[in-house]
Amino acid sequence: MKKLKKNGWSNWKHSLREKSYEFWVTACSTGEEAYSLAMLLAEYREETGRYFRIKIFATDVDNTAIEKASNGKYPESVIADIPPKLLSKYFIRREDYFQISQKIREMVVFAQHNLIKDPPFTNIHFLSCRNVLIYLQPVMQKKILELFNFSLVKDGLLLLGTSESIGEMVEYFDTVSQRSKLFRSKGKQRSVGFVNASTNMMNYSPYPASLQRAGNAYPQDDRVLERFIKALSDEVLPFTLIVNEHMEISHIFGESKDYLTYPSGKLVRNITKLVKKDLSIPIATGIQKALKGKGEIVLSNIRLRDKDTARTFRLQFKPLPGRKSQETLVAILIREKTEPVSSIEMESQTYDLNQDAKQRILDLEQELQFTRENLQATVEELETSNEELQATNEELLASNEELQSTNEELQSVNEELYTVNAEHQGKIVELTLLNNDLDNLFNSTNIATLFLDENLDIRRFTPKLQAIFHILESDLGRPFFHLTHSIKSVEILKIVRDVNNSHTSFEQEIQLTNDYWYLMRVIPYAVSIKQKRGSHSHFYRHQPVKTRTNRNPKKRTGRNHTPC
């Protein structure tokens, strides 16, 4: 109903000027669409303050679905499809389901209905038939659309499914929204069922008499052709039948009691079961020949036994022209031999019942043989397909076993990963504790310490180092030679490089620009017992020996050196 509200409703609601409106929702299933339409109309009446009577007919061929729709009970999952405002307003919460309110329920009339067999409703202002026509053949689609056109009032709306269209009925509908498949009736009417072409035509129709009477109320302009045929049929046409390729009668012209019999029981339309027995085979033969593209067919000297007398007839079969999309029709003209035959009529064929019966039997035998061959080919194809399916099934079973084996392996790997992950988590905790210990140690010591890696990039330092070097936390990772310092007369970079290359410790007293003295120790950074990478420098606050006047740097050798 969102599509209707977005595309058609905004324009159509302004034309709601009458006091009563009727709606028809076909194939309503369990009633969701019908109740949605009822809520939409109820909301509109409340918003505008205008009251008009609403009657919604909701039909479906499935009686079980109709009974469920009439109860109006829906599971709790409807919460996901209905706005909270409408849910609280038009639904009543029960134990484990929601039920439609009595106000909305009274707007909808549910009934079992077959679109193909049952007569349609009339004076409908809005008709919804979504996703039904796609399951029918084109001929049946056209018949149902004709019934819909008959049901709708002028300017009434027809809503179809997204994959459906009005086909050849463009003359009777205007397009409101092609995207939403919403169409408006032009008000033009066409006959449904069997057209009464003469006053003597039999009253033969698959629809009730009430529907036929309603069909007679068509505009006069659309009945000109019918009136013309009525005026001339008795004078010009003999008794005539129009049948389709399935041998079903669609039109009858003239008095039928001398030619047709009506068996008791279910109503049938097959001409071979309705015509008198002596005419059945000739008519079936003539229709078959006419449909095979042989053009107009004439059969003569056909005898019809009627009690103690015998009558001779002449049958003429004439295919009716039409477009490819239209139904194939054949006209059958039946003349008694006493009638004068026009000189311009084509040469007729003398009908031999025995020969035509034999020919008919041969044709049926050929069709039977062709059907058998097709059936055999179909059976062989099915057997081949079955073998392929069995092979595919075996492959799937093998693949399933492989997948199960792979799944077991993955479970084993997953368990191992869980174990490794637990070990890593333990290591991370240990590293975190060690890192915290180092941070606390660095923050509490009064020794200025600097750690460099093998490329002489800054790795770590203690806060006391900032009294000697101009260094910040953001300098981590930078090269050592980027730093500036306050040490007098010492090439600190050269000393660090020598220690890094020779892996030998270095010790020297240094003086800062603020005249403070420190003892500097540069020591190689031991990765293992035999491997050194980088260095770490320590600066101790130091008071020099007063008697020492010349302090020269000295390298420790022998016991005083720490070899790498």
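Above this text you will find the structure in question.
Residues numbered from 1 in each chain as written. Predicted model: local features only at pLDDT ≥ 70, side-chain atom pairs only at ≥ 80, totals over all residues. Heavy atoms only, no water.

1. Quick word on the overall build of the chain
Filter applied, for reference: Numbered from the N terminus, helices here are DSSP runs of H or I no shorter than four residues, and strands are runs of E no shorter than two. Each residue is placed in one exposure class: buried if its accessible area under a 1.4 Å probe, protein chains only, is under 20% of its type's maximum, exposed if it is over 50%, and partly exposed if it falls in between. In what follows, residue pairs with any heavy atoms lying within 4.5 Å of each other are defined as contacts. Method for areas: the Shrake-Rupley scheme with a 1.4 Å probe, in which residue coverage is limited to the protein chains shown.
A count of helices and strands for the chain gives twelve helices and 22 strands. In the chain, which comprises 564 residues, the share counted as buried stands at 36%. In the chain, 56% of the contacts between residues at least 6 apart in sequence involve partners at least 24 apart. Of the roughly 35,100 Å² of accessible surface on the chain, 50% is carried by carbon and sulfur atoms.

2. What about the packing of aromatic side chains?
To keep it simple, the criterion reads: Centre distance within 6.5 Å is the pairing criterion for rings of Phe, Tyr and Trp, where only the six-membered ring of Trp is used; planes under 30 degrees apart are then read as stacked, over 60 as edge-to-face, and the remainder as tilted.
Taken as a whole and judged by the stated rule, the model has 14 aromatic pairs. Centroid distance Trp 24 to Phe 121: 5.0 Å. Interplanar angle 75°. Geometry classified as edge-to-face. With a gap of 97 residues between them, Trp 24 in strand β1 (residues 20-25) and Phe 121 in the loop between β6 (108-112) and β7 (124-129) connect regions that are remote in the sequence. According to the relative accessible area criterion, Trp 24 is buried, its value standing at 1%. Taking 4.5 Å as the distance between ring centres and 10° as the angle between the ring planes, the aromatic pair formed by Phe 239 and Tyr 259 counts as stacked.

3. A few points about the pattern of salt bridges
Put simply, the test is: What counts as a salt bridge is simple: a side-chain nitrogen of Lys or Arg found within 4 Å of a carboxyl oxygen of Asp or Glu.
Across all of its chains, the model carries 13 salt bridges by this definition. In this structure, the salt-bridge partner of Lys 318 is Glu 296, at a minimum N-O distance of 3.4 Å. Pair noted here: Lys 318 is in strand β15 (residues 309-319) and Glu 296 is in the loop between α10 (277-294) and β14 (297-306), with a separation of 22 residues, a long-range link. Each of Glu 43, Glu 46 and Lys 89 takes part in one network of salt bridges that share partners.

4. A look at the pairing of strand β9 (residues 173-177)
How we decide: For two strands to count as paired, DSSP must find a minimum of two bridges between them.
Here four bridges tie β9 to strand β10 (residues 182-185), and the two strands are oriented antiparallel to one another. Bridge pairing in β10 links Phe 173 to Ser 185. Hairpin connection of β9 to β10: four residues between the antiparallel strands, including Lys 181 at a positive phi of 60°.

5. Considerations on unusual backbone geometry
The backbone of His 503 sits at a positive phi, close to 55°, despite the residue not being glycine. For Asp 515, which is not a glycine, the phi torsion comes out positive at approximately 70°. Along the polypeptide, Asp 515 turns up in the loop between β20 (506-511) and β21 (517-526). Take Asp 515: its relative accessible area is 48%, and that puts it in the partly exposed class.

6. Here's the deal with the sheet that holds strand β4 (residues 91-93)
Rule in force here: Fitted lines through C-alpha atoms serve as axes, helices being fitted only where they are in contact, and the angles separating the N-to-C directions of these axes extend from 0 to 180 degrees.
Ordered by their spatial adjacency, three strands build an open sheet running β3-β5-β4, and the pairing between neighbours is antiparallel. Taken across any chain shown, the strands that pair with only one partner, and hence form the sheet edges, are β3 (73-75) and β4. The sheet shows a mean angle of 35° between the axes of neighbouring strands, taken without regard to direction. Judged from the three bridges that link them, β3 and strand β5 (residues 97-100) form a sheet pairing that is antiparallel.

7. Describing helix α12 (residues 492-502)
As a reminder, the rule being used: By definition, the arc is the one covered by directions from the helix axis to the C-beta atoms.
Among all positions of α12, only Ile 492, Ile 495, Val 496, Val 499 and Asn 500 are buried. One face of α12 carries all of its buried residues, which in axial projection span an arc of 130°. Buried-residue contacts for α12 involve β18 (448-452), β20, β21 and β22 (532-541).

8. Brief notes about the sheet that holds β9
Paired through their backbone hydrogen bonds, the strands of a sheet run either parallel or antiparallel. Reading across the sheet, the seven strands line up as β6-β2-β1-β7-β8-β10-β9 and stay open at both edges, with mixed pairing between neighbours. The strands lining the two open edges of the sheet, one partner per strand, are β6 and β9. In this sheet, neighbouring strand axes are inclined to one another by 20° on average, regardless of whether the strands run parallel or antiparallel. Bridge analysis of β1 against strand β2 (residues 53-60) gives six bridges, and the strand direction is parallel. From the neighbouring strand, Glu 22 faces β2, where its bridge partner is Lys 55. Strands β1, β2, β6 and β7 of the sheet are contacted by helix α2 (residues 32-48), whose axis makes an angle of about 170° with β2. On top of the sheet, helix α6 (residues 138-151) reaches β1, β7, β8 (152-160), β9 and β10; it is set at about 135° to β8, its chief contact.

9. What to know about the nonpolar core
Stated precisely, the cut-off is as follows: To qualify as a nonpolar core, a set must consist of buried Ala, Val, Leu, Ile, Met, Phe, Trp, Tyr and Cys residues joined through side-chain atoms within 4.5 Å.
By size, the foremost hydrophobic cluster in this structure holds 35 residues, and its most contacted members are Phe 23, Ile 56, Phe 91, Ile 104, Val 108 and Phe 110. At the level of elements, β1, α2, β2, α3 (63-71), α4 (84-90), β5, β6 and β8 are the ones that each hand at least two residues to this core. Per-element accounting of this core gives the leading share, eight residues, to α2. Not counting residues up to four positions away in its chain, the partners in contact with Phe 110 are Cys 28, Gly 31, Ala 34, Tyr 35, Ala 58, Ile 66, Ala 69, Ser 70 and Arg 105. Leu 241, Val 243, Tyr 259 and Leu 315 belong to the second-largest nonpolar core, a separate cluster that totals 26 residues.

10. Side note on a negative patch on the surface
What counts, and what does not: A patch consists of residues exposed above 30% relative accessible area that lack any salt bridge, with like charges linked at up to 9 Å and nonpolar side chains (Val, Leu, Ile, Met, Phe, Trp, Tyr) linked at up to 5 Å. Note on charges: Lys and Arg go in the positive column, Asp and Glu in the negative column, and His and the chain ends are not counted at all. Taken as the charge centre is NZ of Lys, CZ of Arg, CG of Asp or CD of Glu, depending on the residue.
Residues Glu 380, Glu 381, Glu 383, Glu 387 and Glu 388 make up a contiguous surface patch of negative charge. Locating Glu 387 in the fold gives a position in helix α11 (residues 353-444). For Glu 387, a relative accessible area of 54% puts it in the exposed group.

11. Section: the side chain of His 113
Threshold: What qualifies as a polar contact is a pair of N or O atoms within 3.5 Å, subject to a donor-acceptor requirement within protein and to the restriction that residues adjacent in sequence count only when both atoms come from side chains.
Inspection of the secondary structure puts His 113 in the loop between β6 and β7. Residue classification places His 113 among the buried residues on the basis of a relative accessible area of 9%. Reaching out from His 113, the side chain makes a polar contact with the backbone oxygen of Pro 119 at a distance of 2.9 Å. The residues contacting His 113, other than those within four sequence positions of it, are Trp 24, Thr 59, Asp 60, Val 61, Asp 118, Pro 119, Pro 120 and Phe 121.

12. Details of the environment of Met 169
Relative to the helices and strands, Met 169 resides in the loop between β8 and β9. With a relative accessible area of 1%, Met 169 lands in the buried category. In sequence terms Met 169 and Lys 142 are 27 residues apart; their C-alpha atoms lie 7.7 Å from each other.

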